[in-house]
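Reading the structure
In case you want the letters, here they are:
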Amino acid sequence: MEDRRVRNWGCAKFAALLITLLLAVGAGFWFLGQSVKQQFTGPDPVTVAQASLQGLREQNRLSTFAARYVAVVTSKQSRLGMSAQKTLIMPGMVRYEIDMAKLEQKNVQWDANAKRLTVTLPPVEIVGPEIDLNAMREYDAGGLLMRFTDVEDRLDAANRKAGQAELVRQAREATPMKLAKDATRRAVERSFTMPLEAAGIDASVQVLFPDERTDTRRERWDSSRSPAEVVGNRW
């Protein structure tokens, strides 16, 4: 009887050790499978894109295009039966910038089926103009009225105000705005494409501005999970 209990206990112990060994082997194969799967599937494009997004936001403002314009404006004043006028030639530099701090996760959308990353940027902002004071030129007519009254000061103030407005108007024309958008688009495309290529991810990058969006459906980074969920599951 005693021998039978000893044998039974020994069999139970052996079975427990065998089960433990099988579980350990199974866990080892599972971890190995996960490692192999990660090696062959490569990095998650959402994680790579999120890192690129953070890098762009840290730049605060992105300036990729600048242009020089020249405004020619004339102001006139009449007093005491006399008239005076001044013409101002005002050159100035205008920069086109994007406030990258406004770029949010919802502005970056990943289409897994098309393998396409779409980035919607904030609007282009015009900064300036920065007036080239050394290159300004003035021409006047009506010397007596300007000599004995404050007309010249009024003409100068009107010309400076009109000149700056004219420089901004030129900067907002369709052609320079398109050039500024295209330059910004190329810079942002590189900021996302290069990390994706370095990670071995075959994906296209599309950069849009708010006035270029044609779809009304707000997609997420992928069809099932938010970026926070994707990154959270990887830790």
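What this report covers is the structure whose coordinates are included nearby. Computed from a predicted structure; not experimentally measured. (Residues numbered from 1 in each chain as written. Predicted model: local features only at pLDDT ≥ 70, side-chain atom pairs only at ≥ 80, totals over all residues. Heavy atoms only, no water.)

**Considerations on helix H4 (residues 151–171)**
Under the convention used in this document: Strands are runs of DSSP state E lasting at least 2 residues, helices are runs of H or I lasting at least 4, and numbering of each runs from the N terminus. The length a helix should cover is 1.5 Å for every residue beyond the first. Only protein chains enter the area calculation, which uses a 1.4 Å probe; residues under 20% of their type maximum are buried, those over 50% are exposed, and those in between are partly exposed. In this description, one arc is meant: the one made by directions from the helix axis to the C-beta atoms. Contacts are residue-level and defined by heavy atoms, with any inter-residue pair within 4.5 Å sufficient.
With 21 residues, H4 ought to run about 30 Å at 1.5 Å a step, and its terminal C-alpha atoms sit 30 Å apart, in line with that. Here H4 has its buried residues at Val151, Leu155, Asp156, Asn159, Gly163, Leu167, Gln170 and Ala171. Considered in projection along H4, the buried side chains sweep an arc of 150 degrees and stay on one side of the axis. Exposed side of H4, more than 90 degrees from the buried face: Asp153 and Lys161 are the residues found there. Buried residues belonging to H4 abut strand S1 (61–79), strand S2 (82–99), strand S5 (125–131), strand S6 (137–141), helix H3 (143–148) and helix H5 (174–198).

**Examining the packing of aromatic side chains**
How two aromatic rings sit relative to each other is set out by the distance from centre to centre and by the angle between their planes. The test is simple: Ring pairs shown here join Phe, Tyr and Trp side chains whose ring centres sit within 6.5 Å, with only the six-membered ring taken for Trp; geometry is labelled stacked below 30 degrees between planes, edge-to-face above 60, and tilted in between.
Overall, the coordinates contain one aromatic pair when judged by the stated rule. Pairing Phe65 with Tyr96 gives two aromatic rings, centres 5.4 Å apart and planes at 50 degrees, and the pair type is tilted. Highlighted residues: Phe65 in strand S1 and Tyr96 in strand S2, separated in sequence by 31 residues. On the basis of relative accessible area, Tyr96 is assigned to the buried category, the value being 1%.

**So, the side chain of Gln109**
Inclusion rule: Under the rule applied, a polar contact is a pair of N or O atoms within 3.5 Å (in protein, one hydrogen donor and one hydrogen acceptor; residues adjacent in sequence only if both atoms are side-chain atoms).
By the secondary structure assignment, Gln109 is in strand S3 (residues 108–111). For Gln109, a relative accessible area of 3% corresponds to the buried category. Side-chain polar atoms of Gln109 contact the backbone oxygen of Lys106, separated by 3.4 Å.

Worth remembering: the numbers are spatial, not functional.
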